[in-house]
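Each chain, written out:
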Amino acid sequence: MNSNVSVSTAVGELALGETFTFDELVRAVQRNRGRPLRIAELTELGVNDGLCAVWLGTVDQDLILHAHSDSALHRQQFVLHELAHMILGHTFDEYAEAADFLLPDIPKETRRRLLRRQNLDSPDEVQAETLADIFAAAIRRSTRDSSRYAEIFG
């Protein structure tokens, strides 16, 4: 999905049904984006800045880094929120050149996405959290138990 889409359209385009596992969701995102996705905990994330997770896209793969939490459900929500941004086609182009000047070694899109996260009431953030909640509910309803969930979230 290359452009902004509605939450209902995004869910339908994944073709996962009403219930699915975390692994099935990750595979659907990889399939739709045509590239691998890596998910990893970065314990330093959020220690000083409150950032829970970040999606970093490169030319050939996506990476979601999430902060540590003692709650597996909390960590899952961090990742589901980032997956939602990816699926919804959110881009973060409206930030000024100041970030470009101050953070030249971080890719432009990443800088803008990180800065945007400071406004948690923005329509994109609300939309991503709504979709993440839909994903979480579908995963909870899933009766399948073969998942990398425990491997990723402990």
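Residues numbered from 1 in each chain as written. Predicted model: local features only at pLDDT ≥ 70, side-chain atom pairs only at ≥ 80, totals over all residues. Heavy atoms only, no water.

Attention now goes to the packing of helix α1 (residues 7-14) against helix α6 (residues 123-141). Across the interface, α1 lies against α6 with an axial gap of 10 Å and an inter-helix angle of 40°. Taken together, α1 and α6 sit at an angle that is classed as oblique. As for the relative orientation of α1 and α6, their crossing is right-handed in sense. Residues Val7, Ala10, Val11 and Leu14 of α1 lie in contact with α6, whose contacting residues are Gln127, Leu131, Ile134 and Phe135. Split by residue class, the contact of α1 with α6 holds 7 nonpolar, 1 polar and no charged. (Axes fitted to C-alpha atoms, helices over the stretch in contact; angles between N-to-C directions. Helix = DSSP H or I, 4+ residues; strand = E, 2+ residues; numbered from the N terminus. Parallel < 35°, antiparallel > 145°, perpendicular 65-115°, else oblique. Left-handed = near helix turned anticlockwise from the far one by under 90°. Contact = heavy atoms within 4.5 Å. Nonpolar A, V, L, I, M, F, W, Y, C, P; charged D, E, K, R; others polar.)

With that out of the way, let us pick up α6. Helix length check: α6 (19 residues) gives 27 Å between terminal C-alpha atoms against 27 Å at 1.5 Å per residue, within 8%. Taken together, the buried positions of α6 are Asp124, Glu125, Ala128, Leu131, Ala132, Phe135, Ala136, Ala137, Ala138 and Ile139. (Expected span 1.5 Å × (residues − 1). Buried < 20%, exposed > 50% of the residue type's maximum accessible area, 1.4 Å probe, protein only.)

With that settled, the discussion passes to the pairing of strand β2 (residues 53-57). The side chains of a regular strand alternate between both faces of the sheet. Taken together, the 5 bridges between β2 and strand β3 (residues 62-66) define a ladder with antiparallel strand orientation. Considered in β3, the bridge of Ala53 is made with His66. Between β2 and the antiparallel strand that follows it, β3, lie 4 residues. (Pairing = 2+ DSSP bridges.)

Those residues of α1 that fall on the buried side of the exposure criterion are Val7, Ala10 and Leu14. The arc that holds every buried residue of α1, seen down its axis, measures 60°, which confines them to one face. Residues of α1 that are exposed and angled more than 90 degrees away from the buried face: Ser8 and Gly12. Check the buried side of α1 and you find it contacts α2 (22-33), α3 (72-88) and α6. Following α1 by one or two positions, Ala15 adopts a phi angle in the positive range, close to 55°. (Arc of directions from axis to C-beta.)

The subject of this paragraph is the pairing of β3. A large share of β3 lies buried, amounting to 5 of its 5 residues. Burial along β3 is two-sided: the face carrying Asp62, Ile64 and His66 and the face carrying Leu63 and Leu65 are both buried. Of the pairings in the sheet, the one linking strand β1 (residues 37-41) to β3 comprises 5 bridges and is parallel in character. Bridged to Leu37 within β3 is Asp62.

Going through the model one piece at a time under the given rule, you end up with 2 salt bridges. The salt bridge involving Asp62 is made with Arg33; its shortest N-O contact spans 2.6 Å. A residue pair is termed long-range when its members are at least 10 positions apart, and Asp62 in strand β3 and Arg33 in helix α2 qualify at 29 residues. For Asp62, a relative accessible area of 1% puts it in the buried group. Exposure remark for Arg33: the relative accessible area of 25% places this residue in the partly exposed category. Asp62 is the partner of Arg35 in a salt bridge, and the nearest nitrogen-oxygen pair spans 2.9 Å. Separated by 27 residues along the polypeptide, Arg35 in the loop between α2 and β1 and Asp62 in strand β3 bring together distant segments of the chain. (Salt bridge = Lys/Arg side-chain N within 4 Å of Asp/Glu carboxyl O.)

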